[in-house]
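Architecture at a glance
So the chains spell out like this:
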Amino acid sequence: MWREIVAGGLMSVDVLILFSLVLYRKQIFTLAAWVASLHMLFPLIGYYAGAVVQNYLKFASPYLSSFLLILVGLQMILARSPKQVPLLSPYLLAVVASIDTFSVSISFGMLKVEKFLFILSSGIFSYLAVFIAQKVIFKHAFLNRGLIMKLAGVGILILGVIILRNI
């Protein structure tokens, strides 16, 4: 149960980073709902894709899913913090931010974790992340976007290692 909630929270970090780069003054509730719905739709699709892959790779799927989580975590740790303002509309930016939730949810589909809890927590955390990004991180320069992303990467990496150890 805790894996799904932690993963849902970690998947909202990209929302924190991307939406803290530009201030959006209009329709923030609509934008947050759009982001949350995408952060629930993409993991749902990825979860089912992972379940299909798991059926074909029964013995290798736990190792493959742990490996994917570790790679996503390493990518987040090694990535540079975005310093340039994205030139996309906020609604298109939400789609871009949701794509990585697809890849992580493939891992959770392979592991057959609690789908509803993961998808719900991903949606709730991403909804809240839009408000935190706009009202706190954008306005206060003392919050380091790169550090937030690296900490989330460490969290995903640890999650992948814990799953690998429990196989």
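Everything here concerns the structure above.
Definitions and cut-offs
Here, residues in each chain are numbered from 1, in the same order as that chain's written sequence. A pLDDT threshold of at least 70 governs which residues receive local features in this predicted model, and a stricter bar of 80 or more applies before side-chain atom pairs are shown or counted, although totals over entire chains, interfaces and linings include all residues. Processing note: side-chain calculations cover all non-hydrogen atoms of the structure and skip hydrogens and water entirely. Every helix listed is a DSSP run of H or I at least four residues long, and every strand listed is a run of E at least two residues long, numbered separately from the N terminus. In this analysis, the expected span of each helix is defined as 1.5 Å times one less than the number of residues it contains. For every element, the axis is a line fit to its C-alpha atoms; helices are fit only across the contacting stretch, and the angle between N-to-C directions ranges from 0 to 180 degrees. Between 65 and 115 degrees an angle is taken as roughly perpendicular, under 35 as roughly parallel, over 145 as roughly antiparallel, and anywhere else as oblique. In this scheme the handedness of a crossing depends on how the near helix is turned from the far one: anticlockwise by less than a right angle means left-handed, clockwise means right-handed. What makes two residues a contact is simply this: any of their non-hydrogen atoms within 4.5 Å. To qualify as a nonpolar core, a set must consist of buried Ala, Val, Leu, Ile, Met, Phe, Trp, Tyr and Cys residues joined through side-chain atoms within 4.5 Å. Residue burial is assigned from relative accessible area. The probe radius is 1.4 Å, only protein chains are included, and a residue is buried under 20% of its type maximum, exposed over 50%, and partly exposed in between. Within 3.5 Å is the distance limit for a polar contact, defined as a pair of N or O atoms, with the added protein rule that one can donate a hydrogen and the other accept it, and that residues adjacent in sequence qualify only through two side-chain atoms.

**Points about helix α5 (residues 90–111)**
Taking 1.5 Å of rise per residue, the 22 residues of α5 would be expected to cover 32 Å, and the 33 Å separating its terminal C-alpha atoms lies within 8% of that figure. Just past α5, the residue lysine 112 takes up positive phi, approximately 55°.

**Points about the packing of helix α4 (residues 61–78) against α5**
Interaxial distance between α4 and α5 falls to 9 Å at its minimum, and their mutual angle equals 155°. Taken together, α4 and α5 sit at an angle that is classed as roughly antiparallel. Relative to α5, α4 is oriented so that their crossing is left-handed. Residue-level inspection shows Ser61, Pro62, Leu64, Ser65, Leu68, Leu69 and Val72 of α4 in contact with α5, the latter providing Ser103, Val104, Ile106, Ser107, Phe108, Met110 and Leu111.

**Remarks on the nonpolar core**
Membership of the largest hydrophobic core comes to 21 residues, with the highest contact counts inside it found for Val15, Phe19, Tyr24, Leu31, Val35 and Val130. At the level of secondary structure, the elements contributing two or more residues to this core comprise α2 (13–19), α3 (28–56), α5 and α6 (115–137). Of all the elements, α3 adds the most residues to this core, at six residues. In terms of nonpolar packing, the next biggest core, distinct from the first, is built from 20 residues, Ala7, Leu111, Met149 and Ile156 among them.

**Remarks on the environment of serine 103**
Mapped onto the fold, serine 103 is located in helix α5. Residues serine 103 and leucine 69, 34 residues apart in the sequence, show an inter-C-alpha distance of 8.6 Å.

**Considering the side chain of glutamine 134**
Along the chain, glutamine 134 turns up in helix α6. When its relative accessible area of 1% is taken as the criterion, glutamine 134 is described as buried. Among the polar contacts made by the side chain of glutamine 134, one reaches the main-chain carbonyl oxygen of phenylalanine 19 at a distance of 2.4 Å. With residues near it in sequence (within four places) discarded, glutamine 134 still touches Phe19, Val22, Leu23, Tyr24, Ile28 and Lys139.

**So, the side chain of serine 122**
Positionally, serine 122 belongs in helix α6. We classify serine 122 as buried; its relative accessible area is 0%. Those residues in contact with serine 122, other than ones at most four positions away along the chain, are Gly8, Met11, His39 and Pro43.

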